[in-house]
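This is what each chain is made of:
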Amino acid sequence: MNIVIASLYANPLTIAHIRYLKEAAELGHLLTIINNDKQVIIKRGIPFINSLSRLEIVRELKPVWDAIISIDEDESVSKTIEYIYEEVIPKKLPSCKIHNNYFVNGGPLIEANSKELEICKKYNIKPLYGVGGTEKIESSSNLIEQAAMEWIKRNRDKAERIIENDLKQRPSNYEFI
């Protein structure tokens, strides 16, 4: 048996995520890490979909064997990978012989961060890059931005009132950082 770990934000889920997960699952049992809401805020600013909802959506996808929410507090998933190898795999697969371990990354990413690489070495996990393709064919951030811009275009008056009210509520000495 091969264990494959993939991580993704899925905020929102796109066709690129589906292709990434399908290709990753071809390598073995796919355990997917959903980046938590704090990680979304660090990377993008606002969770479009909360982590519990994203977890439930991803668990329903055909290629996914199981999924968990990241326990990390930074952009890496190193603590979560360690947790998977120390806690999850021994409990869910106590008597299975694991042949290969993979940590996969999709899209244009060419290398995991150093924390993830350290954990990969510790547990004999082979990092694989470009899974699902190396092109950024659809970006969650771009989809959210396009939707926001379209909302502003269609609701310009409402958006202006929201901004005006926000400015009125700020103290006179308020400074933008």
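What counts and what doesn't
Residues numbered from 1 in each chain as written. Predicted model: local features only at pLDDT ≥ 70, side-chain atom pairs only at ≥ 80, totals over all residues. Heavy atoms only, no water. Salt bridge = Lys/Arg side-chain N within 4 Å of Asp/Glu carboxyl O. Helix = DSSP H or I, 4+ residues; strand = E, 2+ residues; numbered from the N terminus. Buried < 20%, exposed > 50% of the residue type's maximum accessible area, 1.4 Å probe, protein only. Contact = heavy atoms within 4.5 Å. Phe/Tyr/Trp six-rings, centres within 6.5 Å; stacked < 30°, edge-to-face > 60°. Lys NZ or Arg CZ within 6 Å of the ring centre and 35° of its normal. pLDDT = per-residue confidence, 0-100. Patch = residues over 30% accessible without salt bridge, like charges linked within 9 Å, V, L, I, M, F, W, Y side chains within 5 Å. Areas by Shrake-Rupley, 256 points an atom, 1.4 Å probe, with all protein chains shown as cover. Axes fitted to C-alpha atoms, helices over the stretch in contact; angles between N-to-C directions. Parallel < 35°, antiparallel > 145°, perpendicular 65-115°, else oblique. Left-handed = near helix turned anticlockwise from the far one by under 90°.

A. Molecular detail of the pattern of salt bridges. Applying the stated criterion across every chain yields a total of 7 salt bridges. One salt bridge in this structure joins lysine 115 and aspartate 74, with 2.3 Å as the shortest N-O distance. In this pair, lysine 115 sits in helix α5 (residues 114-122) while aspartate 74 sits in the loop between β3 (66-69) and α4 (78-92), placing the two residues 41 residues apart along the sequence. A relative accessible area of 42% means that lysine 115 is categorised as partly exposed. Taking the relative accessible area as the measure of exposure, aspartate 74 reaches 23% and is therefore partly exposed. Residues lysine 122 and glutamate 82 are paired through a salt bridge, measuring 2.5 Å at the closest nitrogen-oxygen approach. Here glutamate 82 lies in helix α4 and lysine 122 lies in helix α5, a separation of 40 residues in the sequence. If you follow the salt bridges from partner to partner, you end up with Arg59, Asp66 and Lys92 in one network.

B. Highlighting the environment of leucine 31. Examined against the element boundaries, leucine 31 turns out to sit in strand β2 (residues 29-34). The exposure class assigned to leucine 31 is buried, which follows from its relative accessible area of 0%. For the pair leucine 31 and isoleucine 89, spaced 58 residues apart in the sequence, the C-alpha separation amounts to 9.8 Å. With residues near it in sequence (within four places) discarded, leucine 31 still touches Val4, Ile5, Ala6, Trp65, Asp66, Ala67, Ile84 and Val88.

C. The packing of aromatic side chains, seen in detail. What the rule picks out here adds up to 1 aromatic pair. We note lysine 92 situated over the ring of tryptophan 65; from NZ or CZ to the ring centre the distance is 5.9 Å.

D. Main features of the confidence of the model for the chain. When the pLDDT values of the chain are averaged, the result is 86; 91% of them are 70 or greater. When pLDDT is averaged over each element of the chain, β2 comes out on top at 97 and helix α6 (residues 140-154) at the bottom at 73.

E. Representation of the side chain of threonine 14 in the model. Mapped onto the elements, threonine 14 comes out in the loop between β1 (2-8) and α1 (15-25). Overall, threonine 14 belongs to the buried group, its relative accessible area being 4%. When neighbours within four sequence positions are excluded, threonine 14 is seen to be in contact with Glu138, Ser139, Ser140 and Leu143.

F. Seen up close, a nonpolar patch on the surface. Together, Met149, Trp151, Ile152 and Ile162 line one region of the surface with nonpolar side chains, adding up to about 370 Å² of accessible area. It is α6 that contributes the most residues to the nonpolar patch, 3 residues altogether. Looking at the secondary structure, you find methionine 149 in helix α6. Judged by relative accessible area, which is 47%, methionine 149 ranks as partly exposed.

G. Structural detail: unusual backbone geometry. The linkage connecting asparagine 11 with the following residue, proline 12, adopts the cis geometry, with an omega of 5 degrees. Among the secondary structure elements, proline 12 is positioned in the loop between β1 and α1. Residues other than glycine seldom take positive phi values, yet alanine 10 does so here, at roughly 50 degrees. Looking at the secondary structure, you find alanine 10 in the loop between β1 and α1.

H. Focus on the packing of α4 against α5. Packing of α4 against α5 brings their axes to within 8 Å, and their N-to-C directions diverge by 20 degrees. Considering the angle they form, α4 stands roughly parallel to α5. Both α4 and α5 take part in a crossing whose hand is right-handed. Mapping the contact onto sequence places Ser78, Ile81 and Glu82 in α4 and Lys115, Glu116, Ile119 and Lys122 in α5.

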